[in-house]
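For reference, the chains in residue letters:
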Amino acid sequence: MKMLGGFLFFVGLSAMWFGASVLLYGAPDPAVGTSCKAICGFALLASSLLGPVAGQVVGGGLTLLAGLGLALVGRARYEG
């Protein structure tokens, strides 16, 4: 379980880093013809309803929360 915990912790840290970079620098729009899943879909919805800044904040914030959750689960698995 320690290996899985370490992996989840690393994935969580990577997601938090990506979320912070989205919040600070923005993210490119998905390419035409590609599907957009959960976090990207919420960001696009907020962007179309409230403007591009709101989409950036929603996308970055949700990615940060997902990364934090994965890091906490990974830490608990690693220690327990």
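In the block above lies the structure referred to throughout.
This structure is a prediction, so every number in the text was calculated from the model and none was measured.

Caption draft 1: Structural view of the overall build of the chain. Looking only at helices and strands, the chain has three helices and zero strands in total. What you see in the chain, going N to C, is helices and strands ordered as α-α-α. Counting contacts in the chain only where the partners sit at least 6 residues apart, residues at least 24 apart contribute 74% of the total.

Caption draft 2: Up close: a nonpolar patch on the surface. Judged by side-chain polarity, Phe42, Leu45, Leu49, Leu50, Leu62, Leu65, Leu68 and Leu72 come together as a nonpolar surface patch covering roughly 840 Å² of accessible area. Taken together, the elements giving at least two residues each to the nonpolar patch come down to α2 (38–50) and α3 (52–79). With respect to the helices and strands, the residue Leu62 is situated in helix α3.

Caption draft 3: Up close: helix α1 (residues 2–25). Helix length check: α1 (24 residues) gives 34 Å between terminal C-alpha atoms against 34 Å at 1.5 Å per residue, within 8%. Residues Gly5, Leu8, Gly12, Ala15, Gly19 and Val22 constitute the buried set of α1. At its buried positions, α1 is contacted by α3. Two residues or fewer after α1 comes Gly26, characterised by a positive phi angle close to 85°.

Here is what the cut-offs are and how they apply
Per chain, residues are indexed from 1 in the order of the written sequence. In view of the model being predicted, local features appear only for residues whose pLDDT reaches at least 70, and side-chain atom pairs are presented and counted only at 80 or more, with totals across whole chains, interfaces and linings using the full set of residues. To get the side-chain values, all heavy atoms of the structure are used, and hydrogens and water are removed first. Only DSSP runs of H or I covering at least 4 residues are called helices, and only runs of E covering at least 2 are called strands; the numbering of each starts at the N terminus. Here, two residues are considered to be in contact whenever any of their heavy atoms come within 4.5 Å of each other. The patch calculation keeps residues exceeding 30% relative accessible area without a salt bridge and links them within 9 Å when they carry like charges or within 5 Å when they are nonpolar (Val, Leu, Ile, Met, Phe, Trp, Tyr). Per-residue accessibility takes into account occlusion by the displayed protein chains alone, with areas from the Shrake-Rupley method and a 1.4 Å probe. Definition used for salt bridges: Asp or Glu carboxyl oxygen within 4 Å of a side-chain nitrogen of Lys or Arg. By definition here, a helix of n residues has an expected span of 1.5 Å times n minus one. A simple rule labels every residue: compare its accessible area, found with a 1.4 Å probe on the protein chains alone, to the largest value its type can have, and call it buried under 20%, exposed over 50%, or partly exposed in between.

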